[in-house]
Amino acid sequence: MERDYTQSRTNLFPVHVFPDRLQRIILELHDSNGFPADYTAVSMMAAISVAIGNSHRVEVKRNWHESAILYIAIVGRPGACKSHPLAFAMQPLVNTDWKNNLDYQKKYCEYQQAIAMSRKERVHAGFEQQFPKEPKRLRYLVSDVTQEGLSAIHSHNPRGLCLWVDELSAWFKNFTRYNNGSEEQFWLSAFNGSATMSDRKNSQNSIFIKRPFISVVGTIQKRLLTELANGERTPNGFIDRILFAMTKSNGKPRWNEDEVRDDLDREWERILNRLLSVECVVNEDREPIPTVMRFTPDTKRRLYEWQHENAALCDKEMSDNVVSFFCKLEIYVLRFCLILRLVRWAVGEGQPRPSDIENDDVAGAIELAEYFRGNALSVLTCISEEKLNELHRTVYEHLTEEFSTADGIRIAERFGMKDHTFKMFLTRNLNTLFRRIRQG
């Protein structure tokens, strides 16, 4: 047995799974601005996710489709440059929302003028509609919003939304702001893209969204991870739905004289705008009809091989918390395939429409899944360490880097911990605080 604190040192983000143009942006921002590659890359994934929205889904089997929904937490110490990469990646969506807001304000002023007129005056003034309809505000980003407000915004934006919160702790701490736990259940359901219904106060009307698409991205300090696991958020599977990005450098970035290219931000905006330009088809009820992308027999074979390997790890795993994370990776690997295929199309030239999932997409998706697997284990380790009581912490700190169960029992007995208590301590924290390297 050994104390497991080495995973985070070896788990580097696989930047090479992205197209060359994205790789250059990520690495240039790292070299000139000190943006950690992990943070920039996952922030781009969040932006790509919402740009795809309900326009596309990937089919695994008949009646089993997955969207590109992501829940992402960027983890780091204070001053670790978490927010700047996220702001860079989201800027094209901010720009689009700003333009849409200007257009909305103009149309809303015209609407107010129209409803102030009589029907005859509207006809005389040349208004096309005798009974004007209130304009809808188009947008991609939301921040501090209630579940009811989010549902109302989504009903006007069927393509989908992204909840962008600079401090994720503010998001999950507000789950019980107005009620007891129903908002947390909403987010559990929204992750799966399950239909949602929101009842308004003092109203007979409900907002029913058949295909919700809401990605979530934000930053969180490492010391607040235990709060994310508080209450029912570990047993109900909420924390398992979050992808954690953690930089492997403990040092704070240093300023330098290097400058990024003048057109770097515009290049990223052009890539994202090509995804946004793809129409999200809706039916007469304004429900999205996504374009379905499929796996070829070869790509599906490689995908199934990885799933079998992941299932074998789950079968051997003794920690339910670890198994829950591993199971969600099987959903995420499908979503990564969709994201990689569409972003590769977005940087290509002359392709009228995206092709079905290719071998490189599956290979890259698997590498991303393994990156997030390592980070999930690191997060569980951090949470386990913080939750240790004084006795467990004392024993843990006095264990050597490698030890046998018998050696561990002898060390534990020195501090008054009984052998069965120590064995239970090992079992409950296997693959988080401890890793078995050989039997005994």
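So, here is what we can say about the structure in this document. Keep in mind that what you see is a predicted model, and the values were worked out from it rather than measured. (Residues numbered from 1 in each chain as written. Predicted model: local features only at pLDDT ≥ 70, side-chain atom pairs only at ≥ 80, totals over all residues. Heavy atoms only, no water.)

Next up on the list: the overall build of the protein. Regarding its fold elements, the protein presents 16 helices and twelve strands. Taken across its 440 residues, the protein has 50% of its residues classed as buried. In the protein, the share of contacts with a sequence separation of at least 24, taken over all contacts with a separation of at least 6, comes to 75%. Here the protein displays about 22,100 Å² of accessible surface, and carbon together with sulfur accounts for 47% of that area. (Helix = DSSP H or I, 4+ residues; strand = E, 2+ residues; numbered from the N terminus. Buried < 20%, exposed > 50% of the residue type's maximum accessible area, 1.4 Å probe, protein only. Contact = heavy atoms within 4.5 Å. Areas by Shrake-Rupley, 256 points an atom, 1.4 Å probe, with all protein chains shown as cover.)

One finds Tyr71, Trp171, Trp187, Phe244, Trp268 and Phe336 to be the most contacted residues of the largest nonpolar core, which totals 116 residues. Top contributing element to this core by residue count: helix H12 (residues 320-347), with 18 residues. With residues near it in sequence (within four places) discarded, phenylalanine 244 still touches Ala73, Val75, Leu225, Leu228, Ile239, Phe325, Tyr371, Phe372, Asn375 and Val379. Membership of the second largest hydrophobic core comes to 15 residues, among which are Leu388, Val395, Phe425 and Leu426. (Core = buried A, V, L, I, M, F, W, Y, C linked by side-chain atoms within 4.5 Å.)

What follows covers the environment of isoleucine 437. If you trace the backbone, isoleucine 437 turns up in the segment after strand S12 (434-435). On the accessibility criterion, isoleucine 437 (36% relative accessible area) is partly exposed. Along the chain, isoleucine 437 and phenylalanine 403 lie 34 residues apart, while their C-alpha atoms are 9.8 Å from each other.

Another aspect to go through is the environment of leucine 399. In this fold, leucine 399 is placed in the loop between helix H14 (390-398) and helix H15 (405-414). Between the alpha carbons of leucine 399 and isoleucine 409 there is a distance of 9.9 Å; along the sequence they are ten residues apart.

Summarising burial for strand S9 (residues 214-221): eight of the eight residues are buried, a large majority. In S9, alternate side chains face the same way, and those of Ile214, Val216, Gly218 and Ile220 on one face and Ser215, Val217, Thr219 and Gln221 on the other are all buried. As judged from the six bridges shared by strand S4 (residues 71-76) and S9, these two strands associate in the parallel manner. Note on S9: the bridge partner recorded for isoleucine 74 is threonine 219. Taken together, the six bridges between strand S6 (residues 161-167) and S9 define a ladder with parallel strand orientation. Within S9, the position partnered with cysteine 162 by the bridge is serine 215. (Pairing = 2+ DSSP bridges.)

Given two aromatic rings, their pairing is described by the distance between the two centres and the angle made by the two planes. In this structure the tally under the stated criterion is 19 aromatic pairs. Centre to centre, the rings of tyrosine 332 and phenylalanine 336 are 5.7 Å apart; their planes meet at 15°, and the pair counts as stacked. With a gap of four residues between them, tyrosine 332 and phenylalanine 336 both fall in helix H12, about one helical turn apart. Summarising the burial analysis for this pair, tyrosine 332 and phenylalanine 336 share the class buried. Seen from the ring of tyrosine 332, arginine 335 lies directly overhead, with NZ or CZ sitting 5.8 Å from the centre. Here arginine 373 stacks its cationic end above the ring of phenylalanine 326, 4.5 Å away from the centre of that ring. (Phe/Tyr/Trp six-rings, centres within 6.5 Å; stacked < 30°, edge-to-face > 60°. Lys NZ or Arg CZ within 6 Å of the ring centre and 35° of its normal.)

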